[in-house]
Amino acid sequence: MRLNLLPGAHCQDAVRTLNTLQTNANYLEMVKRKRGDPQTQLEAMKLYLARSGLQVEDLDQLNIIHITGTKGKGSTCAFTERILRSYGLKTGFFSSPHLVQVRERIRINGQPISSELFTKHFWRLYHRLEETKDDSSCVSMPGYFRFLTLMAFHVFLQEKVDLAVLEVGIGGAYDCTNIIRKPVVCGITSLGIDHTGLLGDTMEKIAWQKGGIFKSGVPAFTVLQPDEPLAVLRDRAQQISCPLYLCPPLQALEEGGPPLTLGLEGEHQRSNAALALQVARCWLQQKGYQDAGELKASRPSLPGQLPLAPVFQPTPRMQQGLRHTEWPGRTQLLRRGPLTWYLDGAHTTSSMQACVRWFRQALHRCERPDSGSEVRVLLFNSTGDRDSAALLKLLQPCQFDYAIFCPNLAEMASTDNADQQNFTVTLDQVLLRCLAHQQHWSRLHEEQVSPDPWSTPSQEQDGPASLLLAPHPPHTHSASSLVFSCISHALQWITQGRDPLFQPPSPPRGLLAHPVADSGAMVLQEAAAIHVLVTGSLHLVGGVLKLLEPSLSQ
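Note that the structure is a prediction, hence the values are computed from the model and not measured.

Looking now at the nonpolar core. Grouped together as the largest cluster of nonpolar side chains are 44 residues, with contacts concentrated most on Phe-118 and Phe-156. The set of elements that each furnish at least two residues to this core consists of α1 (11-19), α3 (38-51), β3 (106-108), α5 (115-131), α6 (144-158) and β5 (163-167). No other element matches the 10 residues that α6 contributes to this core. In contact with Phe-156, other than residues within four places in its own chain, are Leu-62, Gly-92, Phe-93, Phe-94, Ile-106, Arg-107, Ile-108, Val-161, Ala-164 and Leu-166. Core analysis: the second largest hydrophobic core is formed by 40 residues, Leu-84, Leu-163, Val-165 and Val-223 among them.

Once that is clear, we can look at the UniProt feature "binding site: ATP" (unreviewed entry) in the protein chain. According to UniProt, the feature "binding site: ATP" (unreviewed entry) maps to Arg-330 and Asp-344 in the numbering used here. Mapped onto the secondary structure, Arg-330 falls in the loop between α12 (316-323) and β11 (332-336). Using a relative accessible area of 13% as the deciding quantity, one classes Arg-330 as buried. Every residue in contact with Arg-330, bar those within four places of it in the chain, is listed here: Ser-75, Leu-99, Leu-343, Asp-344 and Leu-538. A polar contact of 2.6 Å, which involves the side chain of Arg-330, links it to the backbone oxygen of Pro-328. Relative to the helices and strands, Asp-344 is located in the loop between β12 (339-343) and α13 (349-365). If we ignore the near neighbours within four places in the chain, the residues touching Asp-344 are Gly-329, Arg-330, Thr-331, Cys-355, Trp-358, Val-534, Thr-535, Gly-536 and Val-541. From its side chain, Asp-344 meets the backbone nitrogen of Thr-331 in a polar contact 2.7 Å long.

Let us look at the side chain of Thr-189. Inspection of the secondary structure puts Thr-189 in the loop between β6 (185-188) and α7 (196-199). Accessibility expressed as a relative area gives 1% for Thr-189, which makes it buried. There is a polar contact of 2.9 Å between the side chain of Thr-189 and the backbone oxygen of Lys-71. In this structure, Thr-189 is in contact with Ile-67, Thr-68, Gly-69, Thr-70, Lys-71, Gly-72, Lys-73, Thr-76, Thr-222, Val-223, Gln-225 and Leu-275, ignoring residues within four places of it in sequence.

Tallying each qualifying case throughout the model produces 17 aromatic pairs. For the ring pair Phe-122 and Tyr-126, a centre distance of 5.5 Å and an interplane angle of 20° mean the geometry is stacked. Within this pair, Phe-122 and its partner Tyr-126 are both found in helix α5, separated by 4 residues, close to a single helical turn. Judged by relative accessible area, Phe-122 falls into the buried class, the value being 0%. Look at Trp-283 and Tyr-289: their rings are 6.2 Å apart centre to centre, the planes differ by 40°, and that puts the pair in the tilted class. On the basis of relative accessibility, which here comes to 2%, the residue Trp-283 falls in the buried class. Judged by relative accessible area, which is 32%, Tyr-289 ranks as partly exposed. Three or more aromatic residues link up through ring pairs in this structure, and these residues are Phe-118, Phe-122, Trp-123, Tyr-126 and Phe-147. Here Arg-236 stacks its cationic end above the ring of Trp-208, 3.7 Å away from the centre of that ring. The ring of Phe-312 has Arg-281 sitting right over it, with the charged end atom 4.7 Å from the ring centre.

Take the pairing of strand β2 (residues 91-94) next. Neither face of β2 is exposed, since Thr-91 and Phe-93 on one face and Gly-92 and Phe-94 on the opposite face are all buried. With 3 bridges connecting them, β2 and β3 associate as antiparallel partners. Along β3, the bridge assignment pairs Phe-94 with Ile-106.

This part takes up the packing of α1 against α5. The packing of two helices is summarised by the inter-axis angle and the distance between the axes. Remark: α1 packs on α5, axes separated minimally by 9 Å, with the N-to-C direction vectors making an angle of 45°. It follows from the interaxial angle that α1 and α5 lie oblique. Note that α1 runs across α5; the crossing there is left-handed. Facing α1, whose interface residues are Cys-11, Asp-13, Ala-14, Val-15, Thr-17 and Leu-18, α5 presents Ser-115, Phe-118, Thr-119, Phe-122, Trp-123 and Tyr-126. For the contact of α1 with α5, a count of residues per class yields 8 nonpolar, 3 polar and 1 charged.

This brings us to the sheet that holds β6. Spatial ordering of the open sheet is given by β4-β3-β2-β5-β1-β6-β7-β8, a layout of 8 strands whose pairing is mixed. In the strand order of this sheet, the two ends are held by β4 (111-112) and β8 (244-246), each with one partner. The pairing of strand β1 (residues 64-68) with β6 spans 4 bridges and is parallel. Each bridged residue has a counterpart across the sheet, and for Ile-67 the counterpart in β6 is Gly-187.

In terms of burial, helix α16 (residues 487-495) is a largely internal element, 9 of the 9 residues being buried. Within α16, the full set of buried residues consists of Ile-487, Ser-488, His-489, Ala-490, Leu-491, Gln-492, Trp-493, Ile-494 and Thr-495.

With that out of the way, let us pick up unusual backbone geometry. In this structure, Pro-97 follows Ser-96 across a cis peptide bond, with omega equal to -5°. For Pro-97, the location among the structural elements is in the loop between β2 and β3. In this structure, Gln-496 is a non-glycine residue whose phi angle is positive, near 50°. Its place among the elements puts Gln-496 in the loop between α16 and α17 (515-526). Residue classification places Gln-496 among the buried positions, given a relative accessible area of 18%.

The rules behind these values
Residues numbered from 1 in each chain as written. Predicted model: local features only at pLDDT ≥ 70, side-chain atom pairs only at ≥ 80, totals over all residues. Heavy atoms only, no water. Core = buried A, V, L, I, M, F, W, Y, C linked by side-chain atoms within 4.5 Å. Buried < 20%, exposed > 50% of the residue type's maximum accessible area, 1.4 Å probe, protein only. Helix = DSSP H or I, 4+ residues; strand = E, 2+ residues; numbered from the N terminus. Contact = heavy atoms within 4.5 Å. UniProt positions renumbered as here; feature names shortened; annotations may be inferred. Polar contact = N/O pair within 3.5 Å; in protein donor to acceptor, adjacent residues only side chain to side chain. Phe/Tyr/Trp six-rings, centres within 6.5 Å; stacked < 30°, edge-to-face > 60°. Lys NZ or Arg CZ within 6 Å of the ring centre and 35° of its normal. Pairing = 2+ DSSP bridges. Axes fitted to C-alpha atoms, helices over the stretch in contact; angles between N-to-C directions. Parallel < 35°, antiparallel > 145°, perpendicular 65-115°, else oblique. Left-handed = near helix turned anticlockwise from the far one by under 90°. Nonpolar A, V, L, I, M, F, W, Y, C, P; charged D, E, K, R; others polar.

Right, dumping it as structure tokens:
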């Protein structure tokens, strides 16, 4: 009997089965050392699609918007989807990673698909692929991300969406979303250094990979990039006759009209919004919509440079879409009693710089308590081949009282929540990495020159000296760091029972058996305001949100 016909094949059962498609940590290391031709990986994805019952031509019906980039691609997709939904269109949106539940990766009209829909489509696809695999000829099951990409295609086709916004997983040229033949429009967000083991260690190599989503005759847009990677994108586009345009800044679209209000905080979101407006407008024009924004006087392009995308007046529906965009875990604030949580999944040097700017500006705007101390806490983790030492160095100007490091593991016993399971790394690996982060942090503080105790406190870039913290405990900053084995334990120590919604059972014995934990607990218990920045990994942010906002797990 087919499993998808059985009652009780619940969503968590489906997610547990999906997790078996994750690559085992030891096998993953072996694959990295023996990586083959990436083009064959793309061909394999087409075979998986055929085995699932679809042909590449079927995907043309989805009216796809394809977005890649190093930073801001998820936010750009979210802006784009929300703008087009404000036109009354039925939208599909495929993104990664998920924060709390895997269903978040496949959205209809901005909402994660329901548990029932996820379960139905999962088992239907799983069995089709199981029935067509052949162990003797290496015809196998697809990996985790490939499976979800295939599933998104099936969901969007069967739910008859008007369009699908696809966020590239990694890179572009050989990403499994790139089996599509004919998107309506493509976009490339800001480029930076990330996933160097897969994409290359220079901006030019990374730009070449990202430009792999360009298609002949399909309009593409990008934001201002450094000269060298921009030249690579231009050459890539010319080679395949892809019309590529450079987006004017958002300010140019605001001239002569009201300033645009964005649903996502942070100055860096203006670049993402500018790209989203161009991509959405192009999609509307390609599909024959008249209400796509009135053209203003166009600006001439400079010789030898990319042509500029049109400067137009965003329509009321576009303005509404930008204003109502939500994208959790990116420049997100949660105010809870004396605690303010600042959540941002920045994990590259450029996105961390943007995160630090946003955090300091948000601190500057927030109300100071009438009396009592303020404490700043960093909760950090970093994974993969990221340069965690460089990320931590960028966080130093925030002057944290305490730096807390923990793995992206919500709770030590997470077997009841399959959405948070990760088999691609071992517990030993992630804990050793956290200890390395702590050592980096201590070393950074040791390298700092001790300030003259008689000098006037220096002014912060984004505000006066009043932004400095309450008097620090008598120990040095290098000692003010802790490593916890999971996010729950870290939050229990940070909150000290003072978050009105996060009230876990009593902390395990021995959790506070450390001088820093002991003295810090007293500081946190007495503080009038506690500012907690959670950053370095979207998976870390997701684990924190799972615990702070239990409704997200429903």
